Amino acid sequence: MATIRVQEDVFDPQAEQVALTAGRADIGGVAAFTGLCRADDGLAALVLEHYPGMTERALAEIAAEAERRWPLTGCTVIHRVGRILPGEPIVLVMTASAHRQAALESCAFLIDWLKTRAPFWKREEFPDGTGRWVEARAEDDAAAERWRSP
Amino acid sequence: MATIRVQEDVFDPQAEQVALTAGRADIGGVAAFTGLCRADDGLAALVLEHYPGMTERALAEIAAEAERRWPLTGCTVIHRVGRILPGEPIVLVMTASAHRQAALESCAFLIDWLKTRAPFWKREEFPDGTGRWVEARAEDDAAAERWRSP
Amino acid sequence: MNGMRVLYFAWVRHKIGHSQEDISPPAEVKDIASLMRWLATRSPGHAQAFVQPAHVRAAVNHVFCQPDHPVRPGDEVAFFPPVTGG
Amino acid sequence: MNGMRVLYFAWVRHKIGHSQEDISPPAEVKDIASLMRWLATRSPGHAQAFVQPAHVRAAVNHVFCQPDHPVRPGDEVAFFPPVTGG
C-alpha cells in the first residue's frame, strides 16, 4: 500500500502529499520529513549509490513495519540516487493518519530505520576532485534503536 | 525569525518549504505537519474562531520556545480561520535544522503546544444545520505535557 | 479610563449573546475569579456562561491567566472555553 | 549451478576494483565469515577490503545477514560498508 520510489530526479513533496490525501476526508494529519544535502566542509556534491533490487525490498519492509505499528492511511518513501548538489533534497518520508501522533511518530520511525536498514551509501565530492565515503554515525544507530520492538 | 500567519485562505506547504530553504545549503532536514479537516460524523464544515491580536502573539511565543530548545534555521506556523471543508488543511507547522532530530522533535513540539496554547476554537457544522463546539481533549493536554520543562 | 474591555469567544460568546462589552465593575472586583462572579449577575446569559467557572479560561492583555490573576482598569480581559485549534 | 554471484558496494567495491564477480568457492566455505576469509585471498584489493571483517556488512539474497549466516550455490551475496542513506 505504501508508495516506494528510488529515482535520480528531484521529487515534489507537495505532489506526493496531494497523492496521499486526494479525495479522502478521513485523514487528520500528514507528517513529512525531507532530508537535504548540506554543503559541509565545502562539499561540491554527494553521490548516492544503492543496491538495486535490495533497496526497494528494504524500503517496502520498513514501510510495512510502520503500517503494522501505526494506523496509517498511507505512506510514501522516495530516495534519490546519483549526484546530488548542496541544497537539493535527498529523501522524503511522508505518512498520513486519522491521528496526529501516529503520523508524527511513524514519520520519525521511517527516517530513523531507513538510515540504518536501507542499502544506500553516500560519497562526498569536493571542489578539488577528491572524494570521501561518508561513515555511518553512532547517533543514527542509537536513533534506530529507540524503535526496536521489546 | 519564525514565519507566523493566521489566514482564511488555503496554504501551500511546498511554497513554505521553498521559502524556508531557498538559497541555503546548511539545512539537513525539514519536518512538516499538516493538520487536515476530517469528515467525522458526517461533518459538513469546521468553523475556526480565534482571538485576533492574542493569536499571533501566542503563536510567536510557541515558535520562540521551539527556537530556544532546538538549533533551528527556520520555522513556519500557519493556521487557517473561518470555514474549512472536510479534506482541507487547517494548520501547517514546519521546521528546518542542520540536524534531523531537531527538525522532527521541534515539529512535534510545535503542534502539541499550539493545540493547547493558542486561542483557536472549532465549531462543527452538520448538513442539517446544527452545530457543536469541539471540546478540548485530555490526550492533547497529555501530549503538550510531555514537553514541559523540568 | 475607569473601565475594562471584556471579550467573549466560542460558547462563552454564544451564551452571553455578544462578543465584547465595556464594563466598570465595583472596587471589590480585583481578580479574574471575582470578575467572573460579578459578570454572572449581569444577565441570564452571563449567568449561564459562568455557571461552572472552572470550565472557562481567561486571558488578561493577551496572556492566559489563572483565576487569582489581578484585573485593573484599562485591562483587556477575555473569557473562553479551553482552546481547540490545530 | 555451482557458483555464487558476489556484489560489492561503496568502498568495498573501490578497494576490490569491480562491482561483481561469479565465484565457485571450495566446499569448506559454508557461511559469510568463511566466504570473506576465502575472498580475501583472491587479490591484494580483496585482502584490503576484508582486512577488518567487522567493518564489512553482508546481505544474502537481498537480506542483511550476520557472519554465521550460511551461503549456498546459487546465492547472491553482497558485501558493503554500514549503510549511510537518508
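Residues numbered from 1 in each chain as written. Chains lettered and ligands numbered in written order. Predicted model: local features only at pLDDT ≥ 70, side-chain atom pairs only at ≥ 80, totals over all residues. Heavy atoms only, no water.

(A) Spatial organisation of the arrangement of the chains. Between all three pairs of chains that are in contact, chains A and B come out with the most contacts. Note that chain A does not reach chain C: the shortest distance linking a C-alpha of one to a C-alpha of the other is 10 Å. Taking C-alpha atoms only, the smallest gap left between chain B and chain D, which are not in contact, amounts to 10 Å. (Contact = heavy atoms within 4.5 Å.)

(B) Structural context of the interface of chain B and chain A. Facing the 38 residues of chain B at the interface are 38 residues of chain A. Where chain B touches chain A, the interface holds four salt bridges. For A:Arg100, the salt bridge is made with B:Asp140, and the minimal N-O distance between the two is 3.0 Å. Linking chain B with chain A are 17 residue pairs in polar contact (both at pLDDT 80 or more), by the criterion used here. When residues of the side of chain B that touches chain A are traced back to their parent elements, those giving at least two are helix H1 (13-21), strand E2 (29-36), helix H3 (100-117) and helix H4 (138-145) of chain B. Take the side of chain B that touches chain A: its biggest share by element is nine residues, from H3(B). Within the side of chain B that touches chain A, the residues separate by chemical class into 18 nonpolar, 10 polar and 10 charged. Judged from the seven bridges that link them, strand E2 (residues 29-36) of chain A and E2(B) form a sheet pairing that is antiparallel. Pairing of A:Val30 across the sheet is with B:Thr34, part of E2(B). (Salt bridge = Lys/Arg side-chain N within 4 Å of Asp/Glu carboxyl O. Polar contact = N/O pair within 3.5 Å; in protein donor to acceptor, adjacent residues only side chain to side chain. Helix = DSSP H or I, 4+ residues; strand = E, 2+ residues; numbered from the N terminus. Nonpolar A, V, L, I, M, F, W, Y, C, P; charged D, E, K, R; others polar. Pairing = 2+ DSSP bridges.)

(C) Focus on H4(B). Taken together, the buried positions of H4(B) are occupied by B:Asp140, B:Ala143 and B:Ala144. In a view along the axis of H4(B), the buried residues occupy a sector of 95°, so they form one face of it. Structurally, H4(B) contributes buried residues whose contacts are with helix H3 (100-117) of chain A together with H3 of chain B. (Buried < 20%, exposed > 50% of the residue type's maximum accessible area, 1.4 Å probe, protein only. Arc of directions from axis to C-beta.)

(D) Summary view of H3(B). For H3(B), with 18 residues, the first-to-last C-alpha span of 25 Å sits near the 26 Å given by 1.5 Å per residue. The buried fraction of H3(B) is high, at 14 of 18 residues. (Expected span 1.5 Å × (residues − 1).)

(E) Quick peek at the relation of the copies chain B and chain A. Once chain B has been moved 0.0 Å along the axis and rotated by 180°, it coincides with chain A to within an RMSD of 0.0 Å. In short, the pair behaves as if placed about a two-fold rotation axis. Most of the interface of chain B is mirrored in chain A, where 100% of its interface residues again form contacts. (Least-squares fit on C-alpha atoms with pLDDT ≥ 70 in both.)

(F) How the structure looks around the sheet that holds strand E7 (residues 120-125) of chain A. All names here are of chain A. Ordered by their spatial adjacency, four strands build an open sheet running E5-E3-E7-E8, and the pairing between neighbours is antiparallel. The open sheet has two edge strands, strand E5 (82-84) and strand E8 (131-133), and neither has a second partner. If you compare each strand with its neighbour and ignore which way they point, the axes differ by 25° on average. In the sheet, E7 pairs with E8 via three bridges, with the strands oriented antiparallel. Looking at E8, one finds that glutamate 124 is bridged to arginine 132. (Axes fitted to C-alpha atoms, helices over the stretch in contact; angles between N-to-C directions.)

(G) Region of interest: the interface of chain D and chain A. Chain D puts 20 residues into the contact, and the matching count from chain A is 25 residues. When residues of chain D are sorted by the area they lose upon contact with chain A, D:His62, D:Thr84 and D:Gly86 head the list and together hold 37% of the total. Residues A:Glu49 and D:Arg13 are paired through a salt bridge, measuring 2.4 Å at the closest nitrogen-oxygen approach. Our count for the chain D to chain A interface comes out at 11 residue pairs in polar contact (both at pLDDT 80 or more). When residues of the side of chain D that touches chain A are traced back to their parent elements, those giving at least two are helix H1 (10-16), strand E4 (63-65) and strand E5 (76-80) of chain D. A class-by-class count of the residues in the side of chain D that touches chain A yields 12 nonpolar, six polar and two charged. (Buried area = accessible area lost by both parts, 1.4 Å probe.)

(H) Inspection of the packing of aromatic side chains at higher detail. Scanning all chains against the criterion turns up 20 aromatic pairs over all chains. Relative to A:Trp147, the ring of A:Phe109 lies with its centre 5.7 Å away and its plane at 90°, an arrangement referred to as edge-to-face. Of this pair, A:Phe109 sits in helix H3 while A:Trp147 sits in the segment after helix H4 (138-145), and the two are 38 residues apart along the sequence. Each member of the pair A:Phe109 and A:Trp147 is classed as buried. Plain terms: the ring middles of C:Phe64 and C:Phe80 are 5.9 Å apart, the flat faces sit at 85° to each other, and that makes the pair edge-to-face. Here C:Phe64 is found in strand E4 (residues 63-65), whereas its partner C:Phe80 is found in strand E5 (residues 76-80), with 16 residues between them in sequence. One aromatic cluster is present, formed by A:Tyr51, A:Trp121, D:Phe9, D:Phe64 and D:Phe80 through successive ring pairs. The ring of C:Trp11 is capped by C:Lys15, whose NZ or CZ atom sits 4.7 Å from the centre of that ring. (Phe/Tyr/Trp six-rings, centres within 6.5 Å; stacked < 30°, edge-to-face > 60°. Lys NZ or Arg CZ within 6 Å of the ring centre and 35° of its normal.)

(I) Seen up close, the pattern of salt bridges. Within the structure shown, the criterion is met by 38 salt bridges over all chains. Of the charged contacts in the structure, one is a salt bridge between A:Asp40 and A:Arg38, with a shortest N-O distance of 2.5 Å. Among the residues examined, A:Asp40 registers a relative accessible area of 30% and is labelled partly exposed. Classification of A:Arg38 as partly exposed rests on a relative accessible area of 24%. Between B:Arg137 and B:Asp140 there is a salt bridge, with its nearest N and O atoms 3.0 Å apart. A single network of salt bridges, built from pairs that share partners, joins A:Arg100, B:Asp112, B:Arg137, B:Glu139, B:Asp140 and B:Arg146.

(J) Summary view of the side chain of B:Thr76. All names here are of chain B. Summarising the element assignment, threonine 76 is placed in strand E4 (residues 72-80). A relative accessible area of 1% places threonine 76 in the buried class. With residues near it in sequence (within four places) discarded, threonine 76 still touches Thr3, Glu16, Leu20, Leu92, Val93 and Met94.

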